[in-house]
Amino acid sequence: MTLAISLTRIHSTPTCHLADPALVPPDAVASRAQAIWDEELQRRSADLFNGEIVSVTSLNNTAIVGRRAEYRSLLAQSRDPDIFRWLQVRPLAVTGILICPEGVVIGRRSKSVFQSPGLWELAPSGSVDLGTMDEQGNINLLNQLMQELKEEIGLSATDIAEVEPLAIACDTDSQVFDVCFILRTSRPWPQILASYAADGNSEYESLDILPLRDIVAFAQSQMGEITPLTISLLKLLENEAKLATLAAPPAGAPAGATPQPRKLHTAIIVQARTRSTRLPGKAMQMLAGKRVLEHVVERLQKVRRADEVVIATTSDPADDCIAELSAALGLRVYRGDESDVMFRYLGAARMVRADIILRVTSDCPLIDPELCDAVLELRERNAADFAANNFPRLFPHGLDCEAFTIEALEESAREATLALDREHVTPWMRRDAGLRRVGLMGPGWPANQQRWTLDYAEDMTFFNDVFARFAPGSLPGWQEVVTTIGAHGKQGLVNAHRRLPLGLASREAAATVVFHFEANARIGTGHAMRCNALQSRLEPMGWRCLWAIDAATEEFLGSAVPRNSLIRLSSADPCTIAKDIAAAIGSCGIFVIDHYGAGAELGREMRTVADQIVWFDDLADRPLDADVIINPNPGFSEAEYGGLNARPAKVLLGADFALLRQQFSVHRANAYRRLAEEIAGPVRRIVVAFGGVDPLNGTAVALQVLAEFPEIEVDAVLGSAAPHLADVRRQAAELGPRCRVITDVADMAGLLAGADIVIGAPGTSTWERACLGLPSLLIGIAENQRANAAFVASAGAGLVAGFLTDEAPDQVGARLKEQLHEVVAWPRRRQRMARAAFAVCDGRGCQRIIAALLPPYRTASGDMTIRIVEARDEALLLDWQRNPETRRFALNPAVPSSQEHHVWLQDRLLSSIDWFLMAERAGEPLAFVRIDWIGEDSGRPEFVVSIATSPWHHRQGLGAGLLHAIRQLSPSAHFLAKILPENVASLALFIRAGYTLGADGYFHARPD
């Protein structure tokens, strides 16, 4: 979201100090600026004066640092925006909101002035000059404003009864910064008008009075005739006026009294109304014998961490039915503004004295209480201002919930000025750089393809079908619903055409990736899962991801297929595939192949469509034509692929390039802490997982052995299309309630994280188990799994019971029983296996692959390539961090100790959402860039950028290359950077890369 005006609230008058020298631009830029000035002199010489102005260098809400600049530089960069990258003039101004008994004073600017001629604005307003600067370079902004008040309106400081600092504002287009104050006077409007007529200057051609009650109507009627800053400030006034109508927030302890501890009150606030545009009255529709709203409330009342459920509806008589139903359910109800839903939430929160709010909408009858509890717990554990389970959306759409503090809601209600922010309640909280946010990571594909929200008639058909499959009065969890949909493939398709696209990139996006893979009863969904692990990392970053699959794969995957990202292939012929894709999208940046039936001919044909061919290969058994080859399995070499591939390629081999879903990275951080402790106690839970299909029924062999271990609980995992599913269910029933059969598991990482041991096949899930540090007992069900089995065993991470491909089930089972007795009896053996597994795969394969896909950046000293930072870089990074030049410009100048640095780096490497990249030239590390996730802006990720260069590689263009790389990495991201005012080199670097200073003190770069 691009904001014309960015605002930061202030509570005191910020200091203003001129410390930085004027910039000296290159001769060519200076000549161009002078030429523009000369042209303007010839055109209107009588109106021009090249005075000194204050240009903002850096700021926060208490202090502004600036430098001297000339007016002619400002004029030049306004005529030629390219000059701004060199002159960097950000004029500082002051604005007063003059409030008298009759309303707010506004002025129409003279048509002869340079800035905003002929537009209405709040008066007084003017640029900060050097007239109030003292000998130390300090400027009194309030004195400057009083000077403007005298010159423009004719009033003096003695006419002002009260001054209230309000905000620092930045016009993101012109880079003009205003420090804004509310000025209250008791003088009536006629006297003000008389003073203006007698003593005011020609800045305004007229003044007018705007009654406070008419603020909104005036802003709407004068759109295009009023400055953007004035519109934003008037909306702030409107916010304050609305807040004044609400019951005051709870007061603290009286002065001098000892505050009494009070349990924080957590309220779930559900917004509901009948006048929905797409499906009117949806919350009151009947579903399985109850109103939809009743289902939502019934589920939310099971949230353990919440104290009450509150309904926030509108004051429209049409919503009386919602209020009456809510009251009948024993709920408190708040009624308020229909369009300003944020204000409605604040009213409800104040009414019930809520400290923590969980936001849920009334159109989600499958909202999951356990997920709501998890979001509330995550916010509390991290002391965050805001937490949600859709950062990005990796759960089914319809399970969304957001937890935030009353302080965050109060702040957003005061500061948010966009209609979108107020209608949708949380966008401001999701993007404001001053709030701390955390996200609950979801399972990703295929669960996040599902649409479980009520907006259309087709959604109601879907819900009627789902609820009919469960016993009346039951409250199935989200995994149970996923399982049910998986077992009835057509069920999830009825509203599939209404699903929201997961990606943020437009159809014209340059970063387009097409995935071509197969899925069927013979090989299962492993290839689809592998491609989607990569897709789930790319899509939230702004890459456009599409599937090019045949009818058989589409039929097999059913409701898991993303209908709005599908290219249907009419044939398996390589030439036809290329033509089908070209007809659908023209061209793409990357074409990914994960298909046993594809060979070199497909790669050759796709070179007319794709810039880069990426091949996932497990076998090295056929000719390829690829630019990048990825094989995470052990036992392969670059030399093998050199003889198979049609051209030199980047070959990525081994477990470092295993593609795991993001959820595994989240749980790995917990496993890291768990493995630091000694394993003690018995084995309580074992997961049996042989893939979605398990064609040789390894599950049955495992369950037969586990029948002799009655003290152990068992989770057997299969796909709903597994050929032996019915037999497995019968076998599990014989084991009793301690054994569950779970189909189509969405949160596999969460399930594995609760296990002590896994019994399974050494296929692609080998790396998932290793990432979480789980000991494995392995039974092979395919010949191509032998290398994985040998590798895990040699690493000490697992034991191999045998292969059902050439051994009898009884023989394999006997060996499994012997191994299981051994690891159950010896906790230290399990711990050694767990730690060995943890070292096998770190779950960062997706990041390594994506970094490898970024093209090299050309510098004067040669091509610069990008990789992710690894644990082996620890000593090198510490040397760089301790360098005096690095510390000089660091936001935290303290030199880290070795232990502090080690803990910091481990934390960075375990992060599932941040990126830590290293620039290299011919294998030599040169510089790094960190982008740390802090939130989202209209669905686009927000990252704070930090760059450091090797002390021996300054001034080589590396910083520009890294900024270019992160924009390629995340085309949709909103990047922010905090730069010290004395760091002239970094200021120049970021500004020339298109970053602009905002009122919050960060430099911002939003997508084009």
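Just so it is clear, the structure is predicted and the values come from calculations on it, not from any experiment. (Residues numbered from 1 in each chain as written. Predicted model: local features only at pLDDT ≥ 70, side-chain atom pairs only at ≥ 80, totals over all residues. Heavy atoms only, no water.)

A.B. asks: Is there a simple way to think about the pattern of salt bridges in this case?
C.D. replies: Think of it this way: side chains of opposite charge can pair up when their charged atoms draw near. All chains considered together, the criterion is met by 69 salt bridges. Linking R422 and D340 is a salt bridge whose minimum nitrogen-to-oxygen distance equals 2.9 Å. Highlighted residues: R422 in helix α13 (residues 419-424) and D340 in the loop between β16 (332-336) and α10 (341-351), separated in sequence by 82 residues. The exposure class of D340 is buried, given its relative accessible area of 4%. Two residues, D621 and R622, come together in a salt bridge whose shortest N-O distance is 3.1 Å. Residue classification places R622 among the buried residues on the basis of a relative accessible area of 12%. Overlapping salt bridges bring together R278, K282, D363, R451, D455 and D459 as one network. (Salt bridge = Lys/Arg side-chain N within 4 Å of Asp/Glu carboxyl O. Helix = DSSP H or I, 4+ residues; strand = E, 2+ residues; numbered from the N terminus. Buried < 20%, exposed > 50% of the residue type's maximum accessible area, 1.4 Å probe, protein only.)

A.B. asks: Teacher, can you tell me more about helix α5 (residues 189-199) here?
C.D. replies: The periodicity of an α-helix, 3.6 residues per turn, causes residues three or four places apart in sequence to face the same way. Taken residue by residue, α5 has W189, I192, S195 and Y196 as its buried positions. The arc that holds every buried residue of α5, seen down its axis, measures 120°, which confines them to one face. In α5, those exposed residues whose orientation departs by more than 90 degrees from the buried face are P190, A197 and A198. Looking at the buried positions of α5, the neighbouring elements they touch are β5 (92-100), β6 (103-109), α4 (141-153) and β11 (204-210). (Arc of directions from axis to C-beta. Contact = heavy atoms within 4.5 Å.)

A.B. asks: Please clarify how the nonpolar core should be interpreted in this entry.
C.D. replies: Here is a general trend for soluble globular proteins: nonpolar side chains tend to be buried in one another's company. Formed by 134 residues in total, the largest nonpolar core has its most connected members in L92 and L409. The leading source of residues in this core is α10, at seven residues. Discounting residues that sit within four places of it in the chain, L409 has contacts with M342, Y345, L346, A349, I357, F404 and M429. Counting residues in hydrophobic clusters, the runner-up holds 52 residues, among them I268, V360, C364 and L371. (Core = buried A, V, L, I, M, F, W, Y, C linked by side-chain atoms within 4.5 Å.)

A.B. asks: I keep staring at the sheet that holds strand β32 (residues 776-780) and nothing clicks. Help me out?
C.D. replies: Hydrogen bonds between backbone atoms are what pair the strands of a sheet, whose relative direction is either parallel or antiparallel. Reading across from one edge, β30-β29-β28-β31-β32-β33 is the order of the six strands in this open sheet, with parallel pairing throughout. This sheet does not close on itself; its edge strands, each paired only once, are β30 (739-743) and β33 (798-803). When the angles between neighbouring strand axes are averaged without regard to direction, this sheet yields 15°. The pairing of strand β28 (residues 685-689) with strand β31 (residues 757-760) spans four bridges and is parallel. Pairing of I686 across the sheet is with I757, part of β31. (Pairing = 2+ DSSP bridges. Axes fitted to C-alpha atoms, helices over the stretch in contact; angles between N-to-C directions.)

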